[in-house]
Amino acid sequence: MALDKKEIISYIYERLMKSLGSQGWWPGDTQLEIIIGAILTQNTAWTNVSKAIDNLKKEKMLNVKDLKKIHIKKLASLIRSAGYYNIKAKRLKNFINFLIRNYQGGLKEMFNQDYLKLRPQLLQINGIGEETADSILLYAGCKPIFVVDAYTKRIFSRLGLIAENSNYDEIQSLFMDNLEKDVKLFNEYHALLVNLGKNICKVRPVCKICPLRDIINGKCKKI
DNA sequence: GACCAGGCACATC
DNA sequence: GATGTGCATGGT
């Protein structure tokens, strides 16, 4: 008997979790650090982002007040390793300015509202798109929003569960409509997909190392 | 040395 | 609305 979509989505999660275990996301000690990481990791390997965050830590810059004060050129130099450093310095500043203007610099105040109202506000900030906004909501704010990224799209279109040209909302709905709205579940599921994508599904356009369909029937040896 | 990475905004058609 | 391009470092 064939599994329906809901069962497949849950089954993939169960298998990934069983094979790879809890991912312990997001790597970061504070809400602000997570938000900064979410902006810096845009189209960038985490290893490069990690160095940038270490630099900010060393300079004791991981707070709203100092990020407001720091000159943008200096900020850019500190995050150099994360790539696109000029643009990302601007994006960090944009977020900090938004936070100060609307919430007196308080993340607690920002998150202390209906997250469905916060999401469009975040999307208004230049440099924060859907994935970054949702990462902020889920990983920094602990709100039940599913994060969609390039790996999610690649993996699930290869599985034939979404069309290759699906947009962000469509993919997000696949998960949000078929899973319990559970922060821990959304947290782990996205992180597991990134792990799977990074380590196993690099080969394009077809994954030759690990046929993804085998995830579903449990035959996959790699995970 | 080519290719890729946990995107996004903007220009152009 | 769809498609193309700039942004940039560091690992494989």
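Thoughts on the nonpolar core
Then, in step 1: Within the largest apolar cluster, 70 residues are counted, with the highest numbers of intra-cluster contacts made by Phe95, Met110, Leu122, Phe156, Phe175 and Tyr189.
Then, in step 2: For Phe156, the contacting residues outside a window of four places in its chain are Ile9, Ile12, Leu161, Ile162, Leu174, Phe175, Tyr189 and Leu193.

So, the confidence of the model for chain A
Then, in step 1: On average, residues of chain A score 90 in pLDDT, and 88% of them reach the 70 mark or higher.
Then, in step 2: Every residue in residues 203-209 is under pLDDT 50, and counting partners more than four places away or in other chains gives 12 contacts.

Concerning the protein's contact with DNA strand C
Then, in step 1: What surrounds DNA strand C is the set Asn43, Asn48, Lys51, Arg80, Ser81, Gly83, Tyr84, Tyr85, Asn86 and Ile87.
Then, in step 2: Looking at DNA strand C alone, sugar and phosphate atoms form 59% of those within 4 Å of the protein.
Then, in step 3: Lys51 places a side-chain nitrogen or oxygen 2.6 Å from a phosphate oxygen of DNA strand C.
Then, in step 4: With respect to DNA strand C, the backbone of Asn86 contributes an N or O atom lying 2.7 Å from a phosphate oxygen.
Then, in step 5: Those elements giving two or more residues to the surface near DNA strand C turn out to be α3 (46-58) and α6 (85-103).
Then, in step 6: The element that contributes the greatest number of residues to the surface near DNA strand C is α6, accounting for three residues.
Then, in step 7: In terms of residue class, the surface near DNA strand C is built from three nonpolar, five polar and two charged.

Some points on the packing of α6 against helix α8 (residues 115-124)
Then, in step 1: Two elements in contact, α6 and α8, have axes separated by 10 Å at closest approach and are oriented at 130 degrees. When the interaxial angle is binned, α6 and α8 end up oblique. α8 is crossed by α6, and the crossing has right-handed handedness. Along its contact with α6, which presents Phe95, Phe98 and Tyr103, the element α8 presents Leu118, Gln121 and Leu122.

A look at helix α12 (residues 183-199)
Then, in step 1: If you check α12, its first and last C-alpha atoms are 24 Å apart, about what 17 residues at 1.5 Å a residue would give, namely 24 Å.
Then, in step 2: With respect to burial, α12 is a largely interior element, 13 of its 17 residues being buried.
Then, in step 3: Between the side-chain oxygen at the start of α12 and the backbone nitrogen of Lys184 there is a gap of 3.0 Å, and the oxygen is on Asp182.

Considerations on the pattern of salt bridges
Then, in step 1: For the coordinates displayed, the defined rule picks out seven salt bridges.
Then, in step 2: With a shortest N-O distance of 2.7 Å, Asp134 and Arg119 are connected by a salt bridge. Taken together, the residues Asp134 in helix α9 (residues 130-140) and Arg119 in helix α8 connect sequence positions 15 residues apart.
Then, in step 3: Close ionic contact of Lys184 with Glu188 constitutes a salt bridge, the shortest N to O distance being 2.8 Å. Of this pair, Lys184 and Glu188 are both found in helix α12, four residues apart, which corresponds to roughly one turn of the helix.
Then, in step 4: We classify Glu188 as buried; its relative accessible area is 1%.
Then, in step 5: Linked through salt bridges whose partners overlap, the residues forming this network are Asp29, Glu33 and Lys57.

Calculation criteria
Residues numbered from 1 in each chain as written. Chains lettered and ligands numbered in written order. Predicted model: local features only at pLDDT ≥ 70, side-chain atom pairs only at ≥ 80, totals over all residues. Heavy atoms only, no water. Core = buried A, V, L, I, M, F, W, Y, C linked by side-chain atoms within 4.5 Å. Buried < 20%, exposed > 50% of the residue type's maximum accessible area, 1.4 Å probe, protein only. Contact = heavy atoms within 4.5 Å. pLDDT = per-residue confidence, 0-100. Near = heavy atom within 4 Å. Polar contact = N/O pair within 3.5 Å; in protein donor to acceptor, adjacent residues only side chain to side chain. Helix = DSSP H or I, 4+ residues; strand = E, 2+ residues; numbered from the N terminus. Nonpolar A, V, L, I, M, F, W, Y, C, P; charged D, E, K, R; others polar. Axes fitted to C-alpha atoms, helices over the stretch in contact; angles between N-to-C directions. Parallel < 35°, antiparallel > 145°, perpendicular 65-115°, else oblique. Left-handed = near helix turned anticlockwise from the far one by under 90°. Expected span 1.5 Å × (residues − 1). Salt bridge = Lys/Arg side-chain N within 4 Å of Asp/Glu carboxyl O.

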